[in-house]
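# Breakdown of the fold
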Amino acid sequence: MKTTDVVIVGGGVMGWCTAYNLMADGFRGSVLLIERDPLRRNTSTSLAVGGFRQQFATEINIRVVRYAVSVYRDFAELMETPNGRPDISMRQNGYLFLASEKTWPAFQRRHELQTRLGIKVSLMTPEQACELVPEMDPTGVVGAAFCPDDGYLDPYSVLQGFEAKARHLGVKCEYAEVIDVEKDGQGVTAVKTKTETIATRTVVNATGAWAGEFARQIGVEVPVRPWRRQVYVCRTPLSGREFPMVVDTTGVHFRSETGNRIVAAGATASDSVTFDVAWDKPAFEDVIWPALANRIPCFDTLLLEKGWGGLYDENPIDHNAIIGRHPDLPGFYLINGFSGHGLMQAPAAGKGLAELIMRNEFRTLDLSDLSPTRFAAGKLIVEEAII
Ligand SMILES: Cc1cc2nc3c(=O)[nH]c(=O)nc-3n(C[C@H](O)[C@H](O)[C@H](O)COP(=O)(O)OP(=O)(O)OC[C@H]3O[C@@H](n4cnc5c(N)ncnc54)[C@H](O)[C@@H]3O)c2cc1C
C-alpha cells in the first residue's frame, strides 16, 4: 500500500496554501494533495469575487486578514518558481462601507477596535465618501468607513501561485475523489479513493463547501454547508475609472474589473443551501441592478455581460473559520467554514494549520480562537461585519 505522511483532500486555495506552507516551513515528510476535479469547475476559489478587507469586528479576523495582506503584497516573490512570478492583479483601492442610520453605531464601535489594532480605517461623512466616488448619490447614507489598504485580487491567480510553488517544493497531486478515511484506535490510518487506499496518519479536510458532507461521509461532524451566492459582471459607462470595493447600505457591493467593468454581488432570493451552482440571471434586474443604479445613478445604463453562481463554505453556527484538529478523530485536521472570506484569510489559515501539523502549536499567529473545539465549549465568535 502507498504511504504518505500528509494527505490534503481538496485542491482549492486552502489545500494548496496548506501544502505550500508545510514545504516552505521545512516539513521533511511527503505531502499528497487529492483533488477530484482537474478543471475545478465548482471550486469556490475560482468563483470568488476576490475582495480582501481588514474591516472586521473581531480581533481574530482583523489579525488574520492583516497577515494575509502582507503575504499577498509579497506574493510574486514568495511564489516565484523557475517558471516565473505569479501576477495576482492585487489592487489596494480600499473598501468603502456605507452606513445607514441603523448600522452607523456599529461602524463606530468597530472603528475603535480596528484603530487600536493599527488598521488605517477612517470614518467619513457622506460628503467625504462622495469625494472617493464622485458618481455616488449619498441619499440614506449617514456615514462611511474607508480603509485604503483593503482591496481585491484575482482569486484564480492566487490558487495557481500557491499550487505552482507547492508542486515546485515537492508536493504531489492526484486527481481522484476521496470516498472514505480509515481509522484505528489512535485515529486516521488511510484515505480511500475509488481505485486505491493510501496509508497516512494525517488528513486535512480542505474540501470547502463540501467539508460538512465529506466529514459526515467518514463518520464525524463538521458544521459546514454549501450556501449559494451570485456574481454579476457588467460594463459601465465610465471609462478609465477604478473604484474601491463599495459596500452599499443594502449589502450589494461592487469592485472594478478591467475594461470599464465592475464585478457586483449581493444577497438574492436564490441564496440557499444547495450544491447546485446555477446562475440566477433574473436576480440582477430584480435586486442587484436597482441597488447599483440607486447608489450610482449612471449605472442605470449598465450592460450585464455574464455572471455565475458559486458556493460559500458556510459555517451556520457562527459564520467564522474552523481551523485545527477535529476533537473526535485524531489526525483529521480542518481548514473549513470561511463563510465567504476564504481568499482573504487563506494565507494565515494555511500557515497556521501547517504549523499545527508540524509543530503541534501556532507560532506565527495564534488561531486558537478558531478551533473546532469552540462549539462544544460555547466560545462562539460573534462577527457582525458580514456582507
Ligand atoms: C460567489 C463567491 C464570492 C466570494 N467572494 C469572496 C471574496 O470576495 N473574498 C474572499 O475572501 N472570499 C470570497 N469567497 C469565498 C472563498 O471563495 C472561499 O472561502 C474559498 O475559496 C474556500 O476555499 P477552499 O479551498 O476551502 O474551497 P474550494 O476552493 O471550494 O476547494 C475545495 C476543493 O475540494 C474539492 N473536493 C471536495 N470534496 C472532495 C473529495 N471528496 N475528494 C477530492 N476533492 C474534493 C473540490 O472539488 C474543490 O476543488 C467567495 C465565494 C463565492 C462562492
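These numbers come from a predicted model, not from an experiment.

Right, let's talk about the site of the ligand for a bit. Surveying the vicinity of the ligand reveals 36 residues, the closest of which are E35, T43, T45, G51 and M344. Contacts to the ligand include D313, whose side-chain N or O atom sits 3.2 Å from an oxygen atom. Bound to the protein, the ligand loses 97% of the 1,000 Å² it would expose on its own. Where the shell around the ligand is concerned, the elements lending two or more residues are α1 (13-24), β3 (31-35), α2 (44-47), β18 (303-314) and α10 (342-359). Sorting elements by how many residues they give to the shell around the ligand places β18 first, with four residues. When grouped by side-chain class, the residues that make up the shell around the ligand number 18 nonpolar, 14 polar and four charged. Both domain 1 (2-79 + 155-224 + 317-377) and domain 2 (95-149 + 226-314) contribute no fewer than three residues apiece to the shell around the ligand.

Moving on: the packing of α1 against α10. Axis angle and axis distance: for two packed helices, these are the angle between their axes and the distance between the axes, and together they describe the pair. At a minimum axis separation of 8 Å, α1 and α10 run at an interaxial angle of 45 degrees. The orientation of α1 relative to α10 falls into the category oblique. For α1 against α10, the interelement crossing comes out right-handed. Within the contact between the two elements, α1 uses V13, M14, C17, T18, N21 and L22 and α10 uses G342, L343, A346, P347, A349, G350, K351, L353, A354, I357 and M358. Taken together, the residues of the contact of α1 with α10 sort by class into twelve nonpolar, four polar and one charged.

A word on the side chain of D149. Mapped onto the secondary structure, D149 falls in the loop between β7 (143-147) and β8 (151-152). For D149, the contacting residues outside a window of four places in its chain are F52, Q54, V69, R73, Q92 and K120.

Parts of the prediction with low pLDDT should not have their coordinates interpreted in detail. When pLDDT is averaged along the protein chain, the result is 97; 100% of the residues meet or exceed 70. Within the protein chain, the lowest mean pLDDT, 94, falls on strand β16 (residues 253-257), and the highest, 99, falls on strand β2 (residues 6-9).

Counted residue by residue, strand β20 (residues 332-336) has five buried out of five residues, so it is predominantly covered. Burial of the side chains of β20 extends over both faces: F332, L334 and N336 are buried on one face and Y333 and I335 on the other. What sits between strand β19 (residues 322-325) and β20 in their antiparallel hairpin is a turn of six residues, with G331 showing a positive phi close to 90 degrees.

With that out of the way, let us pick up the domain arrangement of the protein chain. What the domain assignment reports for the protein chain is domain 1 (2-79 + 155-224 + 317-377) and domain 2 (95-149 + 226-314). Distance between the C-alpha centres of domain 1 and domain 2: 29 Å. Between domain 1 and domain 2, the contact holds 30 residues from the first and 28 residues from the second. Between domain 1 and domain 2, roughly 2,500 Å² of surface is buried when both sides are summed, and carbon and sulfur atoms account for 60% of that area. When the area that domain 1 buries against domain 2 is broken down by residue, the three leading residues are L47, V49 and Q55, summing to 28%. Applying the counting rule to domain 1 against domain 2 returns zero salt bridges. Listed by contribution, the elements that provide at least two residues to the side of domain 1 that touches domain 2 are α2, β4 (51-52) and α3 (59-73). With six residues, the single largest contributor to the side of domain 1 that touches domain 2 is α3. When the residues that make up the side of domain 1 that touches domain 2 are grouped by side-chain class, the tally is 13 nonpolar, eleven polar and six charged.

Quick notes on the rules
- Residues numbered from 1 in each chain as written.
- Predicted model: local features only at pLDDT ≥ 70, side-chain atom pairs only at ≥ 80, totals over all residues.
- Heavy atoms only, no water.
- Near = heavy atom within 4 Å.
- Polar contact = N/O pair within 3.5 Å; in protein donor to acceptor, adjacent residues only side chain to side chain.
- Areas by Shrake-Rupley, 256 points an atom, 1.4 Å probe, with all protein chains shown as cover.
- Helix = DSSP H or I, 4+ residues; strand = E, 2+ residues; numbered from the N terminus.
- Nonpolar A, V, L, I, M, F, W, Y, C, P; charged D, E, K, R; others polar.
- Domains from an automatic or database assignment.
- Axes fitted to C-alpha atoms, helices over the stretch in contact; angles between N-to-C directions.
- Parallel < 35°, antiparallel > 145°, perpendicular 65-115°, else oblique.
- Left-handed = near helix turned anticlockwise from the far one by under 90°.
- Contact = heavy atoms within 4.5 Å.
- pLDDT = per-residue confidence, 0-100.
- Buried < 20%, exposed > 50% of the residue type's maximum accessible area, 1.4 Å probe, protein only.
- Pairing = 2+ DSSP bridges.
- Buried area = accessible area lost by both parts, 1.4 Å probe.
- Salt bridge = Lys/Arg side-chain N within 4 Å of Asp/Glu carboxyl O.

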